[in-house]
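# Fold and geometry: a report
Residues per chain are reported as follows:
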Amino acid sequence: MNGVNGVALGVFFFFFALVTAMGFLAARWRRAENAQSLDEWGLGGRSFGTWVTWFLLGGDLYTAYTFVAVPAAIYAAGASGFFAVPYTILVYPLIFTFLPRLWSVSHRHGYVTTSDFVRGRFGSKSLALAVAVTGILATMPYIALQLVGIQSVLDVMGIGGGESTHWFVKDLPLLIAFAVLAAYTYSSGLRAPALIAFVKDTLIYIVIAVAIIYIPIKLGGFDDIFAKAGDALSQTNPATGKPKGEVTPSSPNQWAYATLAFGSALALFMYPHSITATLSSGSRNVIRRNTTILPLYSLMLGLLALLGFMAIAAGIKVENGQLAIPQLFENMFPDWFAGVAFAAIGIGALVPAAIMSIAAANLFTRNIYKDFIRPHATPEEETKVSKIVSLLVKVGALVFVLGMDKTVAINFQLLGGIWILQTFPALVGGLFTRWFHRWALLAGWAVGMVYGTVTAYGVASPVQKHFGGSNDVIPGIGEIGYIGLTAFVLNALVAVVLTVVLRALKAPEGVDETKPSDYTADAGDPGVEEELPAPTAAH
Amino acid sequence: MPAPPETPETEPRSALPVVTPTRVVVGLCLFVPFVALLWVSSYSRTEPTLIGLPFFYWYQMLWVLLSGALTMVAYKLVRREDARRRGEREDGGR
């Protein structure tokens, strides 16, 4: 590509240095008496108020990858990429309904992960293990994609290096970004991303506000943008012989649009990192209040998605669609502001990567290490193991990005979404009823996992033989729909049928350590764990 | 291993039934966005445009705000009813 953009690079480094300093100082922010407990490192002491939770969840759910990938999808195929907007709208009514119950029961029993809850509710270590392993598997490629997000920005700034550069020089900036991330997550835990999320969101909001006004003016207004984009999308794609995309979904694509939005919404809050951010809030009501203000991010995402059309209209030509938006910024903005935009994306990757690695580490420590390897681990030991695992998870993600083709990470992320959705019946089913049988849930999970993986493997696209997309024909309906949702329906059917059978056979049900009132308990009720006195400043 | 009793609930039940009019309204507030957004054929068109944006796009972005407002209503209602349930339980318990 073009040479190094010095001004943009300088601005980028300034912000990067700023958040690095904040990351390390975060350890002192609202510090608790006992900094060695996993609650403290991994859930920030479970005391975050509405605003901190808002920034944390926002920083967590709307990742750098989302910011790069959603407009990139629109750049490539038009309307179908916009499913991210209904998806992130629908996720909040779901969170409103389900997660306060999870918060309550987790605070009564000291659960740190969803897997802790499943074990306590169903008395089944194997079901808990299935949930934990699914969570870790689904999170790893997600972290890898955050690094891909940083990489795309570095590429456009001209410091990613070309193909001819020595691999070490080429990857050095990414390695540095990664080392910084690893170091402050290790020392500050969940407090670091919570604090950095403030900077990230401020930058992103500024960039979007400017982009959505400035770029359309330069391009002659939305009328022109959509007219040009419509022309470009209706061109025939030589690989498929069909138009490249469309501006509004035609009827064959509407099922895919709706199932993808719905399935992804169900999957999003099953991810360990969304749960981690939710459990770190100070009360049930903090969660509910947040679902009323978090949609602001969806509005931002919608505006961002439109940048995909602007990239088409501006005539941006890139081989790798992920570079479309960074390239648009580089072409449209003055250098210094392009630097601010790149910093927003880069920092936007660090926040979720930190939370995700903490969430995966919590799962490993609580549900694999403590349940299967060392049942008598002390809280100090748990925290130590978690910190080390969070490092290992990130190294794993780095190896993924550097060692393998980027499409591998994207394929796995697609699979991760399908997989994580299969933990829904055990978790949400368990939150509302003890009717399901633990073995039936395990069988349903296995069926969903196998069906989803095999079907996704079989999807071919013009450029890939396998994992070519996340949609396939829905058996029995005949329309094209999201594989994850089909797998989820199968999973739920198996769980229901087998529960009826197993109950008739009087198979042992396992011990439920929770009681109904646990699911509605709030901060301040007897027995609700509160490691810290609720800080009033943040409310 | 003996099976746990069917209803392990031992605490005094709240006088309010599980399904109340408030909860029905809350449920509706939370459900309406699903109908509106998953029924894609109802909004998959270009006209009318808004400042050049096709209907498909501005309609869905409008739902970000509508859905947020509906969730806000649900939140207020739930809080009010939670306070009532809680108040009753405390009167009985203390």
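Residues numbered from 1 in each chain as written. Chains lettered and ligands numbered in written order. Predicted model: local features only at pLDDT ≥ 70, side-chain atom pairs only at ≥ 80, totals over all residues.

The name an unreviewed UniProt entry gives chain B is DUF3311 domain-containing protein, with Streptomyces nanshensis as the organism.

Worth spelling out the cut-off: UniProt positions are given in the numbering used here, feature names are shortened, and annotations may be inferred rather than shown by experiment.
Per an unreviewed UniProt entry, chain A is named Sodium:solute symporter, and its organism is Streptomyces nanshensis. Of chain A, the UniProt comment under Subcellular location (unreviewed entry) reads exactly: "Membrane". In the Sequence similarities (unreviewed entry) part of its UniProt record, chain A is described as follows: "Belongs to the sodium:solute symporter (SSF) (TC 2.A.21) family."

## Digging into the overall build of chain B
We apply this condition: The way it works is that DSSP assigns letters per residue, a run of H or I at least four long becomes a helix, a run of E at least two long becomes a strand, and they are numbered from the N terminus. Working definition of a contact: two residues with C-beta atoms, positioned from the backbone, lying within 7 Å.
The helix and strand tally for chain B stands at two helices and zero strands. By sequence separation, contacts in chain B at least 24 residues apart represent 64% of the contacts at least 6 residues apart.

## Comments concerning the packing of helix α6 (residues 114–122) of chain A against helix α19 (residues 424–432) of chain A
A pair of packed helices can be characterised by two numbers: the angle between their axes and the separation between those axes. Residues and elements named next belong to chain A. Where we set the bar: Throughout, an axis means a line fitted to C-alpha atoms (over the contacting stretch in the case of helices), and angles, computed between N-to-C directions, take values from 0 to 180 degrees. Should an angle fall under 35 degrees it is called roughly parallel, over 145 degrees roughly antiparallel, and 65 to 115 degrees roughly perpendicular, with every other angle called oblique. Whether a crossing is left-handed or right-handed is set by the direction in which the near helix is turned from the far one by less than a right angle, anticlockwise for left-handed and clockwise for right-handed.
Where α6 contacts α19, the axes come no closer than 10 Å and their chain directions differ by 60 degrees. Taken together, the axes of α6 and α19 lie oblique to each other. Seen from above, α6 lies across α19 with left-handed handedness. When α6 is examined against α19, the residues Thr114, Phe117, Val118, Arg121 and Phe122 are found in contact with a partner set consisting of Ala426, Leu427 and Gly430.

## As for unusual backbone geometry
Residues apart from glycine generally show negative phi values, whereas peptide bonds are mostly found in trans. Operational definition: Residues with at least 20 neighbouring C-beta atoms inside 10 Å of their own are called buried, those with 12 or fewer are called exposed, and the rest are partly exposed, where every C-beta is derived from the backbone.
Between glutamate 47 of chain B and the following residue, proline 48 of chain B, the backbone shows a cis peptide bond with an omega angle of -10 degrees. Inspection of the secondary structure puts proline 48 of chain B in the loop between α1 (21–38) and α2 (55–93). Of note, the phi angle at lysine 506 of chain A is positive, near 55 degrees, even though the residue is not glycine. The backbone of isoleucine 51 of chain B sits at a positive phi, close to 35 degrees, despite the residue not being glycine. Along the polypeptide, isoleucine 51 of chain B turns up in the loop between α1 and α2. A count of 9 C-beta atoms within 10 Å places isoleucine 51 of chain B in the exposed class.

## Here's the deal with the interface of chain B and chain A
Stated formally: For this scheme, ten residues count as nonpolar: Ala, Val, Leu, Ile, Met, Phe, Trp, Tyr, Cys and Pro. Four count as charged, namely Asp, Glu, Lys and Arg, and the remainder, Gly too, count as polar.
Across the boundary between the two partners, chain B contributes 34 residues, which contact 40 residues of chain A. Those elements giving two or more residues to the side of chain B that touches chain A turn out to be α1 and α2 of chain B. Its residues assigned to classes, the side of chain B that touches chain A comprises 22 nonpolar, eight polar and four charged.

## Side note on the confidence of the model for chain B
Residues and elements named next belong to chain B. Under the convention used in this document: pLDDT expresses, on a scale from 0 to 100, how confident the predictor is about each individual residue.
For chain B, per-residue confidence averages 78 on the pLDDT scale, and residues scoring 70 or more make up 76% of the total. Low pLDDT (under 50) marks residues 1–12, which in the prediction has 12 contacts with non-local residues, meaning those over four places away or in another chain. The ipTM value of the predicted complex is 0.81, and its pTM value is 0.84.

## Quick notes on α6 of chain A
Each turn of an α-helix holds 3.6 residues, which means side chains three or four residues apart point in the same direction. Burial runs high along α6 of chain A: nine of the nine residues are buried. One or two residues past the end of α6 of chain A sits glycine 123 of chain A, with phi positive at roughly 60 degrees.

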